[in-house]
Amino acid sequence: GDSVTQMEGPVTLSEEAFLTINCTYTATGYPSLFWYVQYPGEGLQLLLKATKADDKGSNKGFEATYRKETTSFHLEKGSVQVSDSAVYFCALSDRGFGNEKLTFGTGTRLTIIP
Amino acid sequence: DTEVTQTPKHLVMGMTNKKSLKCEQHMGHRAMYWYKQKAKKPPELMFVYSYEKLSINESVPSRFSPECPNSSLLNLHLHALQPEDSALYLCASSPSRASGSETQYFGPGTRLLVL
């Protein structure tokens, strides 16, 4: 079945540091890939997405590129801020099976210190 | 507008109570979802409604009863819950499969405490 493996957390960085959160996936169909962010006490917000190989999703300074050859969708940001502290979930939706199920990674808790 | 609203924001109930969670979206989405999220875990899918019909039930206990009165509304009726059912309950919606987009948009959640 489908699966998503995310970098273990928690991750603690200083403000303005470079961020990478690794995400790799296994899917049998044609997945779309997503990054969701969850701030403390809130629901999930869609951060970015990519629907086919070599697509790059970007939003709020975050980027991730759909790499089919390495089955990866790593999240990056050049200079993090304290306000980026949250839990980040990588997820996939395998459209090839015609269903709407999202498969989530375990989440990575990110803390940015001033 | 990509807003999904959920009420109430917080709910405390006893094990003999009956309560309902409500979810609403006005984006014209035709698929709606209920998820359960425990602390420090990813969301777990409970139910999917597609075109107002239940399409996926992830073997959820019968004390959880979903209802989709129309394409904009999704309810989750709760009865005789257990303390281990305490969690954040998230609603999500997505456009129809025919539109080519399966991106799910989440609401803020209802934080449920069962005493």
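Each remark here, short or long, concerns the structure printed above.
Residues numbered from 1 in each chain as written. Chains lettered and ligands numbered in written order. Predicted model: local features only at pLDDT ≥ 70, side-chain atom pairs only at ≥ 80, totals over all residues. Heavy atoms only, no water.

Undergrad: Before we move on, can you summarise the state of the cysteines with the specific residues and values?
TA: If you walk through the whole model with that rule in mind, you get two disulfides over all chains. The disulfide that involves Cys23(A) links it to Cys90(A), with 2.0 Å between the sulfurs. Disulfide Cys23(A)-Cys90(A): torsion about the S-S bond near -70°, hence left-handed. Of this pair, Cys23(A) sits in strand β4 (residues 23–26) while Cys90(A) is found in strand β10 (residues 86–94), placing the two residues 67 residues apart along the sequence. Comparing Cys23(A) with Cys90(A) shows no difference in burial state: the two are buried. The disulfide partner of Cys23(B) is Cys91(B), and the S-S distance across this bridge is 1.9 Å. In this structure the cystine formed by Cys23(B) and Cys91(B) twists about its S-S bond by roughly -70°; its chirality is therefore left-handed. (Disulfide = S-S within 2.5 Å. Helix = DSSP H or I, 4+ residues; strand = E, 2+ residues; numbered from the N terminus. Buried < 20%, exposed > 50% of the residue type's maximum accessible area, 1.4 Å probe, protein only.)

Undergrad: Tell me about the environment of Arg111(B), and name the residues and values.
TA: Within the secondary structure layout, Arg111(B) lies in strand β11 (residues 110–114). Separated by 43 residues in the primary sequence, Arg111(B) and Cys68(B) have C-alpha atoms spaced 21 Å apart. Apart from the residues lying within four places of it in its own chain, the contact partners of Arg111(B) are Gly41(A), Lys9(B), His10(B), Leu11(B), Ala87(B) and Leu88(B). (Contact = heavy atoms within 4.5 Å.)

Undergrad: Got a sec to walk through the sheet that holds strand β8 (residues 62–65) of chain A? Specific residues and values, please.
TA: Residues and elements named next belong to chain A. In space, the four strands of this open sheet follow the order β3-β9-β8-β7, with antiparallel pairing throughout. A single partner strand is all that each edge strand has here, and the edge strands are β3 (19–21) and β7 (56–59). In this sheet, neighbouring strand axes are inclined to one another by 15° on average, regardless of whether the strands run parallel or antiparallel. Alignment of β8 against strand β9 (residues 75–77), held across two bridges, turns out to be antiparallel. Each bridged residue has a counterpart across the sheet, and for phenylalanine 62 the counterpart in β9 is lysine 77. (Pairing = 2+ DSSP bridges. Axes fitted to C-alpha atoms, helices over the stretch in contact; angles between N-to-C directions.)

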